[in-house]
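# Examining the three-dimensional arrangement
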Amino acid sequence: MSIGPAQARAGHGMGNGPREDAGRLARGIRIFTIRAKMLRYLALIPEKSMDQHDSLRQRPRRVTLKAVAEAAKVSPITVSNVVNGRFHSMSAETRMRVEAAIAQLNYRVNLAARGLKHSQHYCVALVVLDHRPAFLSHPAHHQVAAGLSNFLSANGYTVAIEGVSPERIENLSYLDRFSTDALCLIASGPLPGRFQVLEKLQAARQPLVVFHESPRNPDARTCYVRSDDRTGGELLARHMLEQGARRFVMLLPRREWAPMTERENGVKAALERLDGTSLHTLRVDGLSVQEIGATLEEYLKQNDLPEAVLGGNDLLAAAALKHLRRKGCRIPDQVRIGGFGCYDLIQYLDPTLSSIRIPTYTMGQTAGKEILHALSEGQFSRNDILLPVELVRGESS
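Calculation notes
- Throughout this document, residue positions are counted from 1 along each chain, in the order its sequence is written.
- Note on the predicted model: pLDDT of at least 70 is required for a residue's local features to be given, and 80 or more for side-chain atom pairs to be given and counted; whole-chain, interface and lining totals, by contrast, use all residues.
- Side-chain calculation: all heavy atoms of the structure are included, whereas hydrogens and water are not.
- Strand pairing follows a simple DSSP-based rule, namely that at least 2 bridges must link the two strands.
- By definition, any uninterrupted DSSP run of H or I lasting at least four residues is a helix, any uninterrupted run of E lasting at least two residues is a strand, and each is numbered from the N terminus.
- Axis definition: a line fit to C-alpha positions, over the contact stretch in the case of helices; interaxial angles, taken between N-to-C directions, run 0 to 180 degrees.
- With a 1.4 Å probe rolled over the protein chains alone, any residue whose accessible area is under 20% of its type maximum counts as buried; one over 50% counts as exposed, and the rest are partly exposed.
- Read the arc as the range of directions from the helix axis to the C-beta atoms.
- The criterion used for residue contact is that any of the two residues' heavy atoms lie within 4.5 Å.

### A closer look at the sheet that holds strand E6 (residues 247–253)
As summarised here, the arrangement of the six strands in space is E7-E6-E8-E9-E10-E12, forming an open sheet in which the pairing is mixed. The open sheet terminates on both sides in strands that have one partner only, identified here as strand E7 (278–284) and strand E12 (390–392). Between one strand and the next, the sheet's axes are offset by a mean angle of 20°, whatever the strand orientation. Sheet topology places strand E10 (residues 354–357) next to E12; three bridges connect them, and they run antiparallel.

If you want it as structure tokens, here you go:
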């Protein structure tokens, strides 16, 4: 029995109809399920995305210098002068009006844009050459850093502080990666190593401020900021001489540091002017009471009790004071004690310590002023700045 084409098509349709209908139904269910899931998912998106868009729309835009000028009813140039500390060309009333608008609008200087415009990074690096990991724990270091940082931050600059151990001197090429406008250096250790670091920083061709050192490698781009430590040594020694002391012991760290050398030279100069005086310098590796006590005890095995003990800084003097009091020595009746720095700790000692006030915080501020002068004028106002010291009498002398 033969089947024609029409019958074949009809027969094929009749034979596969139920399965085909079931397949279509299954596909329809799957599509419906997928669409339902998508609708449920999409139903959540508009609510969240709208919240996000609303928050973006509500986020305040950066306040521009022009907006401040309009609020203060001055020109943008006047606002720029106030922001950059140029007040000489305006009245006090104008300055107050601009500062009020800045505060009201919460205006912030765009340092990135300002840096691009003026080819500046508004950053100064302070390099501390010190063998101790906690290099900022020394009062002299952190006072200099505080004075420098506080002054520069008030003028829109940041300070990057980097401690470098003597072993890493050869690796100072990392400074090439610093995005800085100027450099500062506090260095301790043997003179050749300090000089090596100085030369490396001078090679950066940026304004450089060196703390505590006298000029050794004159350069127009280098400014030396230091205290008059030699005079400080003379003042403290003369004070002890006036109290009747003749036999002196001076405690100094074994590691070289320029201020310590100058203080010792000042003490020697004062004693040389009077006959019958003596000075023994004892070198110590650390600042602990135990170590300084052991050094003093070793000295006392072969020498009489000194009439004056001078610490190269207040920490050394305080340790000596504590050890001698433990031994039963009467301070200042038997031994007079003095130090250098006039750190905050001396007020907590009993008796209070006589000390030479070293203007370390002022040194940091002075360096900041000189850096800004060099960046604006192309040179430092002075290349060697020597700050005065003073004797602060305590109960220990």
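Additional details are given in the paragraphs that follow.
### What about helix H2 (residues 65–72)?
Listed as buried for H2 are Val 68, Ala 69 and Ala 72. Buried residues of H2, seen end-on, are gathered within an arc of 100° and therefore sit on one face of the element. Relative to its buried face, H2 has exposed residues pointing more than 90 degrees away, namely Lys 66 and Glu 70. Looking at the buried side of H2, the elements it contacts are helix H3 (76–83) and helix H4 (92–105). Looking one or two places after H2, you find Lys 73, whose phi comes out positive at around 60°.

### Here's the deal with the sheet that holds strand E1 (residues 123–129)
If you trace the six strands from one edge of the open sheet to the other, you get E2-E1-E3-E4-E5-E11, paired in parallel fashion. The sheet terminates laterally at strand E2 (158–164) and strand E11 (384–387), the two strands that pair on one side only. If you compare each strand with its neighbour and ignore which way they point, the axes differ by 20° on average. Bridge analysis of E1 against strand E3 (residues 182–187) gives six bridges, and the strand direction is parallel. Counterpart to Val 128 in the pairing with E3 is Ile 186. Contacts from helix H7 (residues 191–202) reach E1, E3, strand E4 (208–211) and strand E5 (222–227), with the element oriented near 175° to E3.

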